Each structure stands twice: as C-alpha cells, then as structure tokens.
Amino acid sequence: MNPVGNPLKVEIGGYQTGNVLPLLHEIRHALRQLLDTGETTTIDLRGLPMAPGEQARLLDFLGKGEISVQMDALGKSEIIETRYPGIWLIVHYNSNQEVMGKFIEITRIPAILEAQTEDMEDALASLQVKLEEKPA
C-alpha cells in the first residue's frame, strides 16, 4: 500500500535497450576478424546494459553447439560452444553458485581450456619422476 492506503500498481513494460542486434553484429565482425587475422575477441556480458530478457534472447539466438565443458578451479566454470563454431559462452561461478563472470569469447579454443606453460612443465617433471620410478 502507498501512503494514502491504495495498493501500488506495478507494470512490467516492454523496455528494451536495443543492444541485442548490434551485439550480434559485433560478434559476426569478431568472427570475421578471427578468420582473417587470428585475433580473438572477448565480450563481457555483465558489463553491457541489457533489459530483462535481452540476454536470454541473445543466448537463445546463439544456441548450443556440440561442445560443453565444466571446470572446477576456484569455483565452477562452464564453457559452451554456441551453434556457431568459434563463438563460445563462458560462465564463471563462485563457491555459492553465483555468477561471477559471463563472457562471449570468439576464438578457436577458449583461453581457459589452454594448458598453461608452467602446468605443462610441472607435468613433464612429474612424468619423468614416475617413469624413472617404475617403467610401464
């Protein structure tokens, strides 16, 4: 009730930012750039102004492709190929399953999936020790 005792009427309007179509064009240009130059692009979806439902429309348009990966490193991450190869949705969660980051990455393979040099060096050293201990 409002101060005069009448119930408040709440209406959900059809407000739209109009950012979905320009964002899709940006993604298309980024894919062209990846093919032409190899340059990757990352778009922070949480940093873009979008009205309720617009992000869902964007993700629905992009759809899901053949690859879906879940990682568990300092919280869960989902890496989902869209129906358009080279365009990926990446979502990072904290330990409470709250979204901490949501990105569209236009790349051949998302950076989060690439093995880090230091990790590979550690793996090489570990493999060497294991092979010296007990041959296969």
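Residues numbered from 1 in each chain as written. Predicted model: local features only at pLDDT ≥ 70, side-chain atom pairs only at ≥ 80, totals over all residues. Heavy atoms only, no water.

This part covers the overall build of the protein. Per the secondary structure count, the protein includes three helices and five strands. The secondary structure elements of the protein, listed N-terminal to C-terminal, are α-β-α-β-β-β-β-α. The buried share of the protein, reckoned over its 136 residues, is 27%. By sequence separation, contacts in the protein at least 24 residues apart represent 41% of the contacts at least 6 residues apart. Surface accessibility of the protein: about 9,900 Å² in total, with carbon and sulfur atoms responsible for 55%. (Helix = DSSP H or I, 4+ residues; strand = E, 2+ residues; numbered from the N terminus. Buried < 20%, exposed > 50% of the residue type's maximum accessible area, 1.4 Å probe, protein only. Contact = heavy atoms within 4.5 Å. Areas by Shrake-Rupley, 256 points an atom, 1.4 Å probe, with all protein chains shown as cover.)

With that out of the way, let us pick up the pattern of salt bridges. The full count for this structure, using the stated rule, is two salt bridges. Here R32 ties to D36 by a salt bridge, and the two come within 3.1 Å at their closest N and O atoms. Highlighted residues: R32 and D36, both in helix α1 (residues 20-37), separated by four residues, approximately one helical turn. Judged by relative accessible area, R32 falls into the partly exposed class, the value being 46%. According to the relative accessible area criterion, D36 is exposed, its value standing at 53%. Between E78 and K76 there is a salt bridge; the shortest N-O distance is 3.6 Å. Take E78: its relative accessible area is 16%, and that puts it in the buried class. Judged by its relative accessible area of 23%, K76 is partly exposed. (Salt bridge = Lys/Arg side-chain N within 4 Å of Asp/Glu carboxyl O.)

Time to look at the side chain of E105. Within the secondary structure, E105 sits in strand β5 (residues 99-106). No salt bridge forms around the buried E105; measuring N to O, its nearest opposite-charge neighbour R108 is 12 Å away. Within polar-contact distance, the side chain of E105 engages the backbone nitrogen of A111 at 3.1 Å. (Lys, Arg positive; Asp, Glu negative; His and termini not counted. Polar contact = N/O pair within 3.5 Å; in protein donor to acceptor, adjacent residues only side chain to side chain.)

This next bit is on the confidence of the model for the protein. Here the protein averages 89 in pLDDT, while 88% of its residues score no lower than 70. Considering only residues more than four positions removed or in separate chains, one finds that residues 9-13, a stretch of pLDDT under 50, has zero contacts. (pLDDT = per-residue confidence, 0-100.)

Looking at the element boundaries, E78 is found in strand β3 (residues 76-81). Reaching out from E78, the side chain makes a polar contact with the side chain of Y93 at a distance of 3.0 Å. Beyond its immediate chain neighbours, meaning those up to four positions away, E78 contacts V69, Q70, L89, I90, V91 and Y93.

Below, the discussion takes up the sheet that holds strand β1 (residues 41-44). By definition, the strands of a sheet pair up through backbone hydrogen bonds, in either a parallel or an antiparallel sense. Ordered in space as β1-β5-β4-β3-β2, the five strands form an open sheet in which the pairing is antiparallel. Looking at the sheet topology across the chains shown, the edges are occupied by β1 and β2 (68-72). Across the sheet, the mean angle separating the axes of adjacent strands is 20 degrees when strand polarity is ignored. Contacting β4 (87-93) and β5, helix α2 (residues 54-62) crosses the sheet at an angle of about 40 degrees to β5. (Pairing = 2+ DSSP bridges. Axes fitted to C-alpha atoms, helices over the stretch in contact; angles between N-to-C directions.)

With that out of the way, let us pick up the packing of α1 against α2. Taken N-terminus to C-terminus, the directions of α1 and α2 make an angle of 40 degrees; their axes are 10 Å apart at the nearest point. Classified by the interaxial angle, the pair formed by α1 and α2 is oblique. Handedness of the α1/α2 crossing: right-handed. From α1, V20, L23, L24 and I27 reach across to α2, where they touch E54, R57, L58, F61 and L62. (Parallel < 35°, antiparallel > 145°, perpendicular 65-115°, else oblique. Left-handed = near helix turned anticlockwise from the far one by under 90°.)

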